Amino acid sequence: MIRAVYPGSFDPITNGHIYISERAAALFDELIVAVLVNPEKRSTFSEEERQIMAREALVHLPKVKYFNGLLVDFMRQQQSRIIIRGLRALSDFEYEFQLAQMNRQLAPEIETFFIVTDAKYSYLSSRAIKDAFQFGGAVRDMVPPGVYRRLRERIPPRNL
Ligand code: ADP
């Protein structure tokens, strides 16, 4: 039984994250999407909201959990040795490479797997969606319906 973990902030989950989750779920016996609780990083949505949105968007798929603290500790707790991360462009690589190397130092038994996104999602990030939405950009097709609804509740459109 091979269990993989896809960790991230998911603030909020986007169609790009869903794509990576679906690809990973097809490869491994079990996938846990893990919403990171990071007290250092100010998130737009609370940990609970991020989890609810991810659960709604991924009902057809895997387990959604959250974790607090160090990823490698969570991995050991879940008895998983595979971290899934998504790559959009070369610009993701440097950060992801550093993270993977750090996790390798902390837990040599854990492997990081990268899944390359589909070209149609390569420009999508939670940040870009929130920024575009704020200025009235049409982001409806970039996120699941539950996320779009919550964006409308959370981020008041600016009067331009
Ligand atoms: P973090 O704050 O941990 O980087 P994110 O929620 O932004 O978390 O992203 C989680 C993972 O999903 C990262 O590996 C990121 O590169 C990847 N990712 C984000 N957006 C996309 C996308 N549009 N296509 C593929 N992978 C993505």
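In this text, all values refer to a predicted model and were calculated from it rather than measured experimentally.

Please clarify how the nonpolar core should be interpreted in this entry.
Of all hydrophobic cores here, the largest spans 32 residues; its most connected members are I13, I84 and L151. Those elements giving two or more residues to this core turn out to be β1 (3–8), α1 (15–27), β2 (30–37), α2 (47–57), β4 (82–87), α5 (126–134) and α6 (145–154). In terms of residues, this core owes the most to one element, α1, which gives 4 residues. For I84, the residues in contact, after removing those within four places along its chain, are A4, V5, Y6, P7, I20, A24, F28, L31, F113 and I115.

Where do I start with the pattern of salt bridges in this structure?
Once their charged atoms are close, side chains differing in charge can pair, the charge on each being opposite to the other. Tallied over the entire structure, the rule returns 11 salt bridges. The salt bridge partner of D11 is K130, with a shortest N-O separation of 3.1 Å. Of this pair, D11 sits in the loop between β1 and α1 while K130 sits in helix α5, placing them 119 residues apart in sequence. Owing to a relative accessible area of 9%, D11 belongs among the buried residues under this scheme. What makes K130 buried here is its relative accessible area of 5%. One salt bridge in this structure joins E56 and R150, with 3.2 Å as the shortest N-O distance. Highlighted residues: E56 in helix α2 and R150 in helix α6, separated in sequence by 94 residues. Judged by relative accessible area, which is 36%, E56 ranks as partly exposed.

I'm lost on the side chain of T117 in this one. Help?
Structurally, T117 is set in the loop between β5 (111–116) and α5. Dropping the residues within four chain positions of it, T117 is found in contact with Y19, I20, L87, R88 and S122.

Any chance you could explain the layout of surface pockets here in plain terms?
A water-sized probe, rolled over the atoms, reveals where empty space remains. Taken as a whole, the largest pocket encloses approximately 1100 Å³ of empty space. In terms of lining, the largest pocket is formed by 40 residues, of which the most central are G8, S9, K41, R85 and Y95. Among the secondary structure elements, those contributing two or more residues to the lining of the largest pocket are β1, α1, α3 (71–77), β4, α4 (90–106) and α5. For the lining of the largest pocket, the element with the highest residue contribution is α4, accounting for 8 residues. Residues belonging to the lining of the largest pocket are distributed by class as follows: 15 nonpolar, 15 polar and 10 charged.

Whenever I open this one, the environment of Y19 confuses me. Can you help?
Inspection of the secondary structure assignment puts Y19 in helix α1. For Y19, a relative accessible area of 16% corresponds to the buried category. Note: C-alpha distance between Y19 and I110 (91 residues apart in sequence) is 23 Å. Residues contacting Y19, with those up to four places away along its chain left out, are V116, T117, D118 and Y121.

Got a minute to help me understand the packing of α2 against α6 in this structure?
Geometry of a packed helix pair, given as the angle between the helix axes and the separation of the axes. Where α2 meets α6, the axes come as close as 9 Å, and the angle between the chain directions of the two elements is 150°. When the axes of α2 and α6 are compared, the pair comes out roughly antiparallel. On the side of α2, the interface is formed by E49, I52, M53 and E56, while α6 contributes G146, V147, R149, R150 and R154. Of the residues assigned to the contact of α2 with α6, the class counts are 3 nonpolar, 1 polar and 5 charged.

Rules used throughout
- Each chain has its residues counted from 1, following the order in which its sequence is written.
- A pLDDT threshold of at least 70 governs which residues receive local features in this predicted model, and a stricter bar of 80 or more applies before side-chain atom pairs are shown or counted, although totals over entire chains, interfaces and linings include all residues.
- In computing side-chain properties, one takes all heavy atoms of the structure into account and sets aside hydrogens as well as water.
- Only buried residues count toward a nonpolar core, which is a set of Ala, Val, Leu, Ile, Met, Phe, Trp, Tyr and Cys residues joined through side-chain atoms within 4.5 Å.
- The rule is simple: take the accessible area with a 1.4 Å probe, protein chains only, and divide by the maximum for that residue type; under 20% is buried, over 50% is exposed, in between is partly exposed.
- Helix and strand definitions follow DSSP, with helices as H or I runs of at least four residues and strands as E runs of at least two, each counted in order from the N terminus.
- By the convention used here, residues are in contact when the closest approach between their heavy atoms is within 4.5 Å.
- The rule for a salt bridge is simple: a side-chain nitrogen of Lys or Arg has to be within 4 Å of a carboxyl oxygen of Asp or Glu.
- Think of a 1 Å grid over the protein atoms and nothing else: a 1.4 Å probe that fits but is trapped marks a cavity, an open set flanked by protein within 12 Å on at least five of seven lines marks a pocket, and residues with an atom within 4 Å of a point count as lining.
- Grid points are joined across faces, edges and corners, and a volume is the space filled by probe spheres set on the points.
- Residue classes follow a fixed rule: Ala, Val, Leu, Ile, Met, Phe, Trp, Tyr, Cys and Pro count as nonpolar, while Asp, Glu, Lys and Arg count as charged, and any other residue, Gly among them, counts as polar.
- Working convention: axes come from line fits to C-alpha atoms, limited for helices to the stretch in contact. Angles between N-to-C directions cover 0 to 180 degrees.
- Note that the term roughly parallel is reserved for angles under 35 degrees, roughly antiparallel for angles over 145, roughly perpendicular for angles of 65 to 115, and oblique for everything else.

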